[in-house]
Amino acid sequence: MLNKDLHLVDDLSKAEKAATRDGFGKGLLELGEKNKDVVGLCADLKESVRMNWFAEKYPERYIAVGVAEQNLAGVAAGLAFAGKIPFASSFSVFSPGRNWDQLRVSICYSKANVKLCSSHAGLTVGEDGATHQALEDIAITRVLPNLVVIVPSDALETKKATIAIAKYQGPVYMRFSREKTLVYTTEQTPFEIGKALVLKEGNDATVIACGIMVAEVLKAAEVLEKEGISVEVINNHTIKPIDVETIINSVKKTKAVVTAEEHQKTGGLRGAVLELLAEYDVMAVSGYVAVEDKFGESGTSVELLEKYGLTAADIVEEVKKVVKKK
Amino acid sequence: MQKKAAKKEMIKEASSEISIKKLELTANKIRQDIIKMLFAANSGHTAGPLGMVEIFTALYFKILKHDPKNPKLEDRDRLILSNGHICPVQYACMANSGYFPEKELLTLRKINTRLQGHPNRLDLPGLENSSGPLAQGSSIAAGIALAAKMDRKDYTVFCLMSDGEHQEGQIWEALMFAGNKKLNNFIGIIDRNNIQIDGYVEDIMSIEPLRQKLEAFNCNVYEMNGNDMKEVVVTLENVLKNRNKTTRPSIIIAKTVPGKGISFMENKYEWHGRPPKKEEAEAALKELQAEREIIINKR
């Protein structure tokens, strides 16, 4: 049973599809109206990251920096020091991929109020291939002090997250995706930075996911339920600061945990969850659905998710394996 | 020749409320403070800070619109230090102009200090940016200058850079941006002292022809002797006067002598990244005291 308080879409087969990047674009557009301090910067990808809607409506607050991600991060920091709320965008492979040092010093160490918002995360970039598929960005951002790291799970949540991070004072990294995915939340579904959502309660295993994998987990949970395995599903949209209470309480109850993320298996959500369980001495069997220390390749997003083992079916299999270990 | 004569004339005519002599005395004090700080810290960079004393002194004691008692003054000029490792000269100028007590200078690089080895804006009010990894200040300065334009503010952003850091790509990204966005409120000052850790800049990785490169990036370029107080003040005043007559950023190439003021340190790249030992500090302070007497007795 889905958690009624969260107002999720009841029937997943009837859920609409939209890209999380569209949610970002809509959120930013709304912010443009609400807050005159919000400015947008982009490294030559404004349509791809959906900053074009903001740029068209508020051209005086849109700054094209060209193909220069280091400068993107630094200029954003300068704007923040002068009181602006800069949203700086590119693809996740380039930002934070090419400007990690600037993110570290000009933004995080300096507590610059910059929102680094990057699209085209993960394998679902598709045909562009491995160079453009960010599978390491969660790892390299969540180690940075002062940085909030958010991976919203559908288009509506991305819109809410975009609006929420503008209100939050401090550096934020948010990653989202190109491909259209299920919109399983509704306007009424709450979003709060740092507050994980228990989408569905269960007793046999906790599945913790972020980003586009959350909807896959919900699909998997339906299948598992029919086979008599009761799964607790957690949407852990905020990787940092991680929601200690929600995760610890759930895993203490189920004593089995599976993480699901469109990221390398090390350093990302899995790493964050396992570190937390170790810190709090929570004993549990565990498994994961993530990329096995490999680079991606060209293909459609569906083909890639299948080939690299990131589908609902893979989650079903992994949960069964983990539950057996109990 | 005509240009030279005109420049000389300008220098002669320089009228300043604070006399050049007074600034030179302040610069001498700053140099002494730098030697004392680095000796107490027993680590840090010596040559760069000493070479930039006239420029920092002119900025903090003459040029900048700022208020040491109100570091967040709304429309203050912004001083962005991009090559953070020369921060001892900035700290010394800040203390001597009243941002914090001078005795705190001796805490440089020590545990729990506000005077970090490379500057941290969150530790010390009055620092606009945190820096260390080279070139990052250039983009930050450009961002602040752009914000000033967006908000129709008139303040100036001074971005202090080293010559060595022009080997970093980010500098050129930032300059391309500043030129493209017509940031005439961006004034860059390049410490052209020709040293970096591994040797002379021109031996390690030449940055010449620097003037032509900067001009090609749509900047107005000035040159000055960065160790001649009068020339520094006049050039800075001149650049500020011309600021609103152009849409371009201005860059001043400041020829400086690394280790300036201490005979055995001048022009030696070995002094880029090490502090003086006891006897070296004593000898340096003796030289500076003698120089002070000369300044007092001149004119």
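What you are looking at is a predicted structure, and each value in this text was computed from that prediction instead of being measured.

Engineer: Just to check I follow, could you spell out the overall build of chain A for this structure?
Structural biologist: Within chain A one finds eleven helices and 14 strands. Taken over C-alpha atoms, the radius of gyration comes to 19 Å for chain A, in line with the 20 Å a tight globule of 326 residues would show. Principal-axis analysis of the C-alpha atoms gives chain A an extent of 55 × 40 × 40 Å. By the burial criterion, 64% of the 326 residues in chain A qualify as buried. Nonlocal contacts in chain A, meaning residues at least 24 apart in sequence, comprise 81% of its contacts between residues at least 6 apart. Split by element, the accessible area of chain A, about 12400 Å² in all, is 50% carbon and sulfur. If the 40 positive side-chain charges of chain A are averaged to one point and the 45 negative ones to another, these points end up 2 Å apart.

Engineer: Whenever I open this one, the interface of chain B and chain A confuses me. Can you help?
Structural biologist: Accessible area lost upon the coming together of the parts is a frequently used measure of interface size. Each partner contributes to the interface: chain B provides 25 residues, whereas chain A provides 25 residues. Here chain B meets chain A over a buried area of about 2000 Å², counting both sides, of which 59% is carbon and sulfur. Ranking the residues of chain B by area buried against chain A places B:Gln136, B:Met150 and B:Glu173 at the top, with a combined share of 25%. At the boundary of chain B and chain A, one finds one salt bridge.

Engineer: Got a minute to help me understand empty space enclosed by the protein in this structure?
Structural biologist: Here the idea is plain: a probe the size of a water molecule rolls over the atoms and shows the empty space left. For the coordinates displayed, the defined rule picks out two cavities of 30 Å³ or more. If you add up the space inside the largest cavity, you get close to 100 Å³. B:His66, B:Asp77, B:Tyr99, B:Gly126 and B:Glu128 are the residues nearest the centre of the largest cavity, which is lined by 13 residues in total. What the second largest cavity holds in volume is close to 50 Å³. A:Thr20, A:Val151, A:Pro152, A:Arg175, A:Phe176, A:Ser177, A:Cys210, A:Gly211, A:Ile212 and A:Glu262 are the residues that line the second largest cavity. Each residue belonging to the lining of the second largest cavity can be placed in one class, and the counts come to five nonpolar, three polar and two charged. Here the lining of the second largest cavity spans two domains, since at least three of its residues come from each of domain 1 (4-13 + 188-325) and domain 2 (17-182) of chain A.

Engineer: Hey, could you run me through the sheet that holds strand E5 (residues 115-119) of chain A in this one?
Structural biologist: All names here are of chain A. Read across the sheet, seven strands follow the order E3-E2-E4-E5-E7-E6-E12 without closing on themselves; strand pairing throughout is mixed. Two strands in the sheet have a free side with no partner beyond their single neighbour: strand E3 (62-64) and strand E12 (238-240). This sheet shows a mean twist of 20° between the axes of neighbouring strands, independent of strand direction. Taken together, the three bridges between strand E6 (residues 148-150) and strand E7 (residues 172-175) define a ladder with parallel strand orientation. Residue pairing across strands places Val148 opposite Val172, the latter belonging to E7.

Engineer: Teacher, can you tell me more about the packing of aromatic side chains here?
Structural biologist: The relative placement of two aromatic rings is captured by the distance of their centres and the angle of their planes. The final tally for this structure, using the stated rule, is eight aromatic pairs over all chains. Look at A:Phe24 and A:Phe87: their rings are 6.4 Å apart centre to centre, the planes differ by 40°, and that puts the pair in the tilted class. In this pair, A:Phe24 is assigned in helix H1 (residues 20-34) and A:Phe87 in strand E4 (residues 85-91), connecting sequence segments 63 residues apart. Accessibility classification places A:Phe24 together with A:Phe87 in one group, the buried group. Judged by centre distance (6.2 Å) and plane angle (85°), the ring pair of B:Tyr60 and B:Tyr99 falls under edge-to-face. In this pair, B:Tyr60 is assigned in helix H4 (residues 53-63) and B:Tyr99 in the loop between helix H5 (87-97) and helix H6 (136-150), connecting sequence segments 39 residues apart. Each member of the pair, B:Tyr60 together with B:Tyr99, is buried. Three or more aromatic residues joined by ring pairs make a cluster, and in this case those are A:Phe24, A:Phe87 and A:Phe176. The ring centre of B:Tyr155 lies 4.1 Å from the NZ or CZ of B:Arg78, which sits over that ring. Above the plane of the ring of A:Phe81 lies B:Arg121, whose end atom (NZ or CZ) is 3.9 Å from the centre.

About the thresholds
Residues numbered from 1 in each chain as written. Chains lettered and ligands numbered in written order. Predicted model: local features only at pLDDT ≥ 70, side-chain atom pairs only at ≥ 80, totals over all residues. Heavy atoms only, no water. Helix = DSSP H or I, 4+ residues; strand = E, 2+ residues; numbered from the N terminus. Rg over C-alpha atoms; globule rule 2.2 N^0.38 Å. Buried < 20%, exposed > 50% of the residue type's maximum accessible area, 1.4 Å probe, protein only. Contact = heavy atoms within 4.5 Å. Areas by Shrake-Rupley, 256 points an atom, 1.4 Å probe, with all protein chains shown as cover. Lys, Arg positive; Asp, Glu negative; His and termini not counted. Charge placed at Lys NZ, Arg CZ, Asp CG, Glu CD. Buried area = accessible area lost by both parts, 1.4 Å probe. Salt bridge = Lys/Arg side-chain N within 4 Å of Asp/Glu carboxyl O. 1 Å grid on protein atoms, 1.4 Å probe; cavity = no way out; pocket = protein on both sides within 12 Å on 5 of 7 lines; lining within 4 Å. Points joined across faces, edges and corners; volume = space filled by probe spheres on them. Nonpolar A, V, L, I, M, F, W, Y, C, P; charged D, E, K, R; others polar. Domains from an automatic or database assignment. Pairing = 2+ DSSP bridges. Axes fitted to C-alpha atoms, helices over the stretch in contact; angles between N-to-C directions. Phe/Tyr/Trp six-rings, centres within 6.5 Å; stacked < 30°, edge-to-face > 60°. Lys NZ or Arg CZ within 6 Å of the ring centre and 35° of its normal.

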